[in-house]
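Architecture and fold: a report
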Amino acid sequence: MAAATGSDSTLKRARLALNMTLEEAADALNAITGGAADASLMSAWESGRRRTGKRNRAGLCQVYRERPEALFAHQDGAAASVLETSGTAVVVKVLTRWTDLVAAMADVAAGAREQLVVTGSRSREKAYLAAIETAVAQHPDLVHYRVLYGPPRHGALADHLLRLLELRDPLARRNGVKTLHIGLVEPTEALERFFVASESAAVVPLPSFHGADGFDCGVLLSREAAVGLVHHGREACASARPVETIEAVRALPVRHN
């Protein structure tokens, strides 16, 4: 175990003071949150490359028995991020047609090579779901996160989850890295959110510009925003209940809403 240095964050020093490895700290956090945080995410929090969310902050305070204002000062006091200073430049395109929205979402999935985060429980567009499956099948090093907010709303999404589990074993580790994460956010009253993000682009659906029904418009976002949404999805998945077996997916009550 390495000794703490003056340049280490309080979060890292708290871990080292308990003589815990990153893996051990992640396991202790997951035992509290029921999530799936890993060593790489713990390291990103410690270095300040990523900001810890509310649920994991509370869990880390329990693990280390420290106050949040002490543990996370290095994150909260950081200078303005690249994203904050980019302003509207992160918006690549406004998508005003349903066909353009679905095509852009499929393009983000098809272009992912390192990380692909998809959130929401309402997906049913065949071309979009097929693009995700193709990316997972063709790029074995791609790490895919699917964050559900409640059970699938459509049978097409439940079938998609089963196909992902046929393509990848969540228990497997490629080069030491888990490459498939499927999580169900609880409690069920958590606000659902919808986006797809890779390491280089993201699409966020928006309420319709044309009427009161549906989410048939959206925005295509640049890499700076995509990186932030990837982190959002990774942390959401880390705090979610894993649904990573065929039996677990089949046990989900499909809500046809």
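Together, Val 91, Val 94 and Phe 209 give the surface a local cluster of nonpolar side chains, amounting to about 250 Å² of exposed area. Tracing the sequence through the fold places Phe 209 in the loop between strand 6 (202–206) and strand 7 (217–221). With relative accessibility at 47%, the residue Phe 209 sits in the partly exposed group.

On to the pairing of strand 6. The element strand 6 is largely enclosed, with a buried count of 4 among its 5 residues. Note that strand 5 (residues 195–198) and strand 6 share 2 bridges and pair antiparallel. Bridging from a neighbouring strand, Val 196 pairs with Val 203 of strand 6. Counting the residues in the hairpin turn of strand 5 and strand 6 gives 3 residues. Direction of pairing for strand 6 relative to strand 7: antiparallel, over a ladder of 5 bridges. Bridge assignment links Ala 202 to a residue of strand 7, and that residue is Leu 221.

Another point: unusual backbone geometry. With a phi close to 55°, Asn 19 is a non-glycine residue in the positive phi region. Phi is positive for Asn 175, close to 55°, though the residue is something other than glycine. Along the polypeptide, Asn 175 turns up in the loop between helix 10 (155–167) and strand 4 (180–184).

A full pass over the atoms with the stated rule returns 1 aromatic pair. Consider the rings of Phe 194 and Phe 215, whose centres lie 5.7 Å apart with planes at 55°: the pair is tilted. Of this pair, Phe 194 sits in the loop between strand 4 and strand 5 while Phe 215 is found in the loop between strand 6 and strand 7, placing the two residues 21 residues apart along the sequence. Given a relative accessible area of 22%, Phe 194 falls into the partly exposed group.

In spatial order, the strands read 1-7-6-5-2-3-4-8; together these 8 strands make up an open sheet with mixed pairing. Strands at the two margins of the open sheet, each flanked by one partner only, are strand 1 (91–95) and strand 8 (241–242). Here helix 9 (residues 126–138) sits on the sheet and contacts strand 2 (115–119), strand 3 (143–148) and strand 5; the angle it forms with strand 3, its principal contact strand, is near 145°. Most of the contacts of helix 11 (residues 223–238) go to strand 5, to which it runs at about 110°, and overall it touches strand 2, strand 3, strand 4, strand 5, strand 6 and strand 7.

Evaluated as defined, the whole model comprises 11 salt bridges. A salt bridge links Asp 38 to Arg 234; the nearest nitrogen and oxygen atoms lie 3.8 Å apart. Placement of the pair is Asp 38 in the loop between helix 2 (22–33) and helix 3 (39–47) and Arg 234 in helix 11, with a sequence separation of 196 residues. What makes Asp 38 partly exposed here is its relative accessible area of 27%. Close ionic contact of Arg 67 with Glu 69 constitutes a salt bridge, the shortest N to O distance being 2.7 Å. Take Arg 67: its relative accessible area is 49%, and that puts it in the partly exposed class.

Here we take up the packing of helix 3 against helix 4 (residues 54–64). Two elements in contact, helix 3 and helix 4, have axes whose closest approach is 14 Å; the angle formed by their N-to-C orientations is 90°. In terms of axis orientation, helix 3 runs roughly perpendicular to helix 4. Contacts between helix 3 and helix 4 involve Met 42, Trp 45 and Glu 46 on the former and, on the latter, Asn 56, Leu 60 and Tyr 64. In terms of residue class, the contact of helix 3 with helix 4 is made up of 4 nonpolar, 1 polar and 1 charged.

Calculation rules
Residues numbered from 1 in each chain as written. Predicted model: local features only at pLDDT ≥ 70, side-chain atom pairs only at ≥ 80, totals over all residues. Heavy atoms only, no water. Patch = residues over 30% accessible without salt bridge, like charges linked within 9 Å, V, L, I, M, F, W, Y side chains within 5 Å. Areas by Shrake-Rupley, 256 points an atom, 1.4 Å probe, with all protein chains shown as cover. Salt bridge = Lys/Arg side-chain N within 4 Å of Asp/Glu carboxyl O. Helix = DSSP H or I, 4+ residues; strand = E, 2+ residues; numbered from the N terminus. Buried < 20%, exposed > 50% of the residue type's maximum accessible area, 1.4 Å probe, protein only. Pairing = 2+ DSSP bridges. Phe/Tyr/Trp six-rings, centres within 6.5 Å; stacked < 30°, edge-to-face > 60°. Contact = heavy atoms within 4.5 Å. Axes fitted to C-alpha atoms, helices over the stretch in contact; angles between N-to-C directions. Parallel < 35°, antiparallel > 145°, perpendicular 65-115°, else oblique. Nonpolar A, V, L, I, M, F, W, Y, C, P; charged D, E, K, R; others polar.

Everything listed here is a matter of coordinates, which is why it stays silent on function.
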